[in-house]
Amino acid sequence: MQQKEYRYVGKSLSNDNAYGKVTGAVQYCGDMMAPGMLHIKIKAGEIAHGRVIGADTSGAWKVPGVKAVYTCFNTPDTLYDRGRVASYETAPFQERLFDSHIRYMGERVAAVVADTVEHAQEACRKIKIEYETYPAAVTMEEALREDAPKIHEKGNVYEAEPAVYGDYQSCSAEHVHRSRSHLGRITHLSMETYAVRARYEKGSGKLTVWTGCQTAFGIRSTLGDFLDMPYSKVRVVKTTMGGSFGCKQETVIEPLAAYAAKDLKADVMVVYTREEQINNAMLKHSVDLEVESKVHGDGTIEGMQIKAVLDAGAYLTVSPSYCSVMGGKLGKVYRIPHLRYEGTVVCTNTAVNGSFRSWGSGEIVLAYENHWNQVAEELHMDPIDFRLKNVHQAYDLEPMHRVTVGNTYFHECLIKGREAFQWDQRKKKCAEKNKNGRYRCGVGMALASHTSSKYPYSSDMGNALARIQDDGSLIVHVGIHDHGCGTVMAMRKIAAEIMEIDLEQVEVTEIDTSVDLYDYGCYASRTIYILGQAVKKCCEDLLEKARQMAACKLDSRASLIKYENGEFYKEDEPNERLSLKETAKYAIRVKGEDLYMAASVRSKENPGVPSAHFTQVKVDTYSGMVEVEDCLSVHDVGKALNPDLCVGQVGSGIQQGMGIALCEEIKIDPKTGRTLITNFKNYEVANAVDVPDYQALFIEEGDEYGPFGAKSIGEVVVVPVPPALVAAVNNALGTRLTHLPLTPSVILEAIERQQEEKSHDH
Amino acid sequence: MIINFTVNGKSVSMDVMPQKRLLDFIREDLLLTGTKEGCAEGECGACTVILNKKAVHSCLTMTGQLDGGELMTVEGLEKDGELDVLQKMFIKKSAVQCGFCTSGMLMSAKALLMENPHPTQEEIKRAIAGNICRCGGYREIKEAVASAAEMEKEE
C-alpha cells in the first residue's frame, strides 16, 4: 500500500509527558499529598484456610493517630467481584472487604486507618486474630479430590463451556500428536505497586477515587454498588500509571479505600508494598495444557484439541472468563477445520490469580506453538514451512467468533522474519556447532496473534468529545487509560493530523468518570483501534462543523470552503484566510455557539495482529544458563502511529517473554500454601544485561477501520516469545522441554537425563 | 538530630530522624516525590539517588548517613531550566514509557557518567543492570545513555 506522508502519524515523537517523567514532576497516585490525609495498612492472615473467630483490636487502638480498625466483625457483608469491569457484567461475586472465611495464607484479615503509615502499620501488628483452622487444598491435585475441603460453597471446580468448531473427535489424519505444556505463576511486576486515594466530601456526599487503573467506569460501578451510592456521586479519576500488564485491570484495593473514606468522611491513601503487590493483588495463573492434534503427512492440520486447567487461587474472580476466552482464541492464527477446547478452573488455598497481559493468548499460544514445533520436527519439516502451509490468509473466517481475521499478513510475517533473521543460515550453523563442547546453540520461532477490540465477545464502542478553544487549541476528552505505552500520544497525533494543527495545541485528557463519556476500559488491546477511531471521527465531524461556521463568516457555502494548516478559505479567494481561532471566536461571539463535537464508533471487526518471533540462544551445559544471543519480532500492526514506542513495546514483550520462558516463577509452598517469593531478591527477571539488542520489524499494510490503518500491539508482543525460546532451547539440546520456566536446574536435569539415556543405549 | 547536607546543590540544615529511610525522608520531608519506591530492598533500582557522587538505593540508606553529604535526586538534574543531557536523550530516544523506573534509571546513568564519561556498551549495561524496567527491552535506555555520553564528549 502506498504510504501517505503524514505530519505526526507514524513519526517518532517520544512519549506524552516524557518531560514530566524525566524531571520527576509527574505525579503518580502514591505521590499525592493532602492536609489531613489518612493512611491505610492491611494485616495479612496467618492461615491458609479457616475462619476468623475473634479479633482483639484493643492494642491497635492504643497506637496514636488511629482512626479506624476494620475486621470482618465491623464491616459490611456485601459481596463484590474485583474482576467485574462493567455494571452489567456477571461475575462470581465471592469477595468481601473482610471475610470471616479465610482462603489463603496472607489474605487480608484487618486494616487500620491512621494519621501516618507508621502508626497504621504498628496498629496492624497489635491486632490479635483468633482462627479456627480448616484443612487446606493448596495444589490443584488436592483441590480436585472428591473429599477436598470446600474453598467456596459451590465447590472448588468450575468447568468452562467447551469451545467447539467442526468435529474434532470424528476427524482423522495420518499423524496424531500429543504434547503438554505448563506455565508457572508469575508476578506482573509493574514498577508502581497498587496505590489508591479516596476522598469523601461530607457536605456534598461525593466520593472521588484516584487510581492508576485500566477500567475507571468498571471501578465506579463496583464502588457505587458496594457503597450503595448513585454512580453520579462516585468519581473515578485515572492517575498516571506506573505500568500494569493486567494487574490494574481489576478492582483490588479501591473498595477498601472508598469504604474507609466514606466511613470516616476523610481523604485516605493506600499504597501496597511489593510483598502485598505479589500476595494481595494478583498473580498470573499457573496453567497445565494438554494438546492433541491430527495432521496430514504433508503438514496440513486437520484438527486440534486443547484441554487447559487453570489454578485460580483462592477466588474465582476473572478465572472462569479467562479460561473461556483462552478457547475463543484458538482459531486466530491457523486454518484448522476441527477445533475443540475444554477448560477447567480450580480454586486452591493460595494467592489469587487474575488478569495478565494478553488474557489467555499467552497460555493458549504457548501450548499450540510448543506443539507445532514438535509436530514439524516429527514430520521433518522446517517450523516456518509448516506454518506457511497452515496460517490464515487475509479476511479468512476466524472460526470461534465468526468474524474475519481482517487484513492480516501471517505469511509476510514469516517470510520477512525468515529473511531478516537469516533463519536458514542460523539454523544450519547451530546444527553444525552443536556436535560437542560446553555451549550449545539453538534457534526457535513461534507465531501468534491477538485482538484489537473486544468485539464480538461483546459489543465495543469508543466515544470522544472534542472542543475547539477560543484560541484555536483543542481539548479532546476520551475515556483513555494510558498504561505508559503512549496511547495518549497516539490520540494527540490522530487529532492533530485531522485538525492540521500543531501537536502542542492538542490536549488529550485521560479518563475521569465525572466528565468523560462511557468507556469499557483499556484492555483487550482495544485502545488504539476503537478509541483511536472515535477520536478520528470526532475530529473529522468537528472540522465539518467548524467549516460551516467559517462559511457563515466568509459569506459562502461549506462545500466551497477549503481547509489547510488550521485555516479556512474560499476556493476562489485563497488569500483570505480564517484561522480556527478566528472561527471559534466568531462562533462564540456572533453565532452564540460552542465549537464542540461528540462522536461514537462501534466496532464492526476485530482484526488480528500477526506476530512472529525468532530467537537464537546459547545454552551453557555446565551451568544450565540460557543466553539469548539475538532475536527478532515481526509485527503486522496495520500502522505504527508511534513507531518508536511500538519498538519499546516489542522490547517489553521480549523482556517479559524471556522471564516467563526462562526464569520468572512465584512458587507456593505445597505444604503451607505460603507464597514463597514475595520480594525481588529471589525473583529473577531479564535485566539490561540479559535482554539482547533485539530487532523489530513492522508490516504496515493498514486495516480498513483502524485509525490511519492502525490495529494493536500492546499485548501481542509478549505472546510468541516464550514458545520461540522454548523451541530454541530444545533445538540447542535436542530435548522437548515444555514445563516452564526453563531455569538452569531444569536444564541441567534434562541434560543429565539425556546422558543417562545415552549411556543406557550404549 | 540536626544534620547538614546539600540537596541538588542547595545547603540545608534540618532536624531529622536519623533512622528514617532516606527514601521516605526525600519524599516526605524534602517533598521530592520524583524518587520512587519499587521494592524497598535494593533490588529494583527505582529509588536510586546519588549520594556523594555514588548511586545508592535510598530505600536501604538511613537519613543519618546524609550528614555532611551531597545528595542529588532526579529533580536536581535540570539546571536553570535546561535539562541534563541524559534527560534530553531519554526523551529523544523514546526511553520513557510509564516512567516509574525513569528517575532511578537516570540517576544510575548519571552516576556512571560522573565517574566514567566514556563508558563502553558493557559498562552501560552493568550500570543499569540493577534498575528494572518492565515497559521496554532496555534498548532505548542503553541508546540514550550512550548518546548522552557521546554528546558530552563533543561538548
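Every chain is numbered independently, its residues counted from 1 as its sequence is written. Working convention: letters from A go to chains and numbers from 1 go to ligands, in the order in which they are written. Residues qualify for local features only when their pLDDT is at least 70, as the model is predicted, and side-chain atom pairs are given and counted only at 80 or more; totals for whole chains, interfaces and linings, by contrast, use all residues.

A. Structural detail: the domain arrangement of chain A. All names here are of chain A. In this entry, domain limits derive from an automatic or database-based domain assignment. Domain annotation for chain A reports domain 1 (18-23 + 461-602), domain 2 (32-134 + 194-271) and domain 3 (359-453 + 606-754). A C-alpha centroid distance of 38 Å is found between domain 2 and domain 3. In this description, a residue-residue contact is defined by the distance between C-beta atoms placed from the backbone, which must lie within 7 Å. Taken together, the 4 residues of domain 2 in the interface contact 4 residues of domain 3. For this classification, the nonpolar set comprises Ala, Val, Leu, Ile, Met, Phe, Trp, Tyr, Cys and Pro, the charged set comprises Asp, Glu, Lys and Arg, and every other residue, Gly included, is treated as polar. Here the side of domain 2 that touches domain 3 is built from residues that sort into 3 nonpolar, 1 polar and no charged.

B. Up close: the domain arrangement of chain B. Residue and element names in this part refer to chain B. For chain B, the assigned domains read domain 1 (2-76) and domain 2 (85-154). Each partner contributes to the interface: domain 1 provides 14 residues, whereas domain 2 provides 13 residues. Comment: elements are numbered from the N terminus, with helices defined as DSSP H or I runs of at least four residues and strands as E runs of at least two. Elements represented by at least two residues in the side of domain 1 that touches domain 2 include exactly strand 3 (48-51) and strand 4 (54-57). Sorting elements by how many residues they give to the side of domain 1 that touches domain 2 places strand 3 first, with 3 residues. Of the residues belonging to the side of domain 1 that touches domain 2, the class tally is 7 nonpolar, 4 polar and 3 charged.

C. Structural view of the sheet that holds strand 3 of chain B. Residue and element names in this part refer to chain B. With mixed pairing, the 5 strands of this open sheet are ordered in space as 2-1-5-3-4. Looking at which strands have only one partner, the edges of the open sheet turn out to be strand 2 (10-15) and strand 4. Shown here is a sheet whose adjacent strand axes are inclined to one another by a mean of 40°, direction ignored. Relative to strand 5 (residues 70-72), strand 1 (residues 2-7) is paired through 2 bridges, and the arrangement is parallel. For T6, the partnering residue across the bridge sits in strand 5 and is E70. Where helix 3 (residues 102-115) meets the sheet, its contacts fall on strand 3 and strand 4, and the angle it forms with strand 3 comes to roughly 35°. Whether two strands pair comes down to DSSP finding at least two bridges between them. In this analysis an axis means a line fitted to C-alpha atoms, helices contributing only their contacting stretch, and an angle means the value between N-to-C directions, from 0 to 180 degrees.

D. Inspection of unusual backbone geometry at higher detail. All names here are of chain A. That bond from Y455 to P456 is cis: its omega, -5°, falls within 30 degrees of zero. Residue position: P456 is located in the loop between strand 21 (439-448) and strand 22 (461-468). At the junction of L740 and P741, the peptide bond is cis and its omega measures out at -5° in the coordinates. Mapped onto the elements of the fold, P741 is located in the loop between helix 17 (721-733) and helix 18 (744-761).

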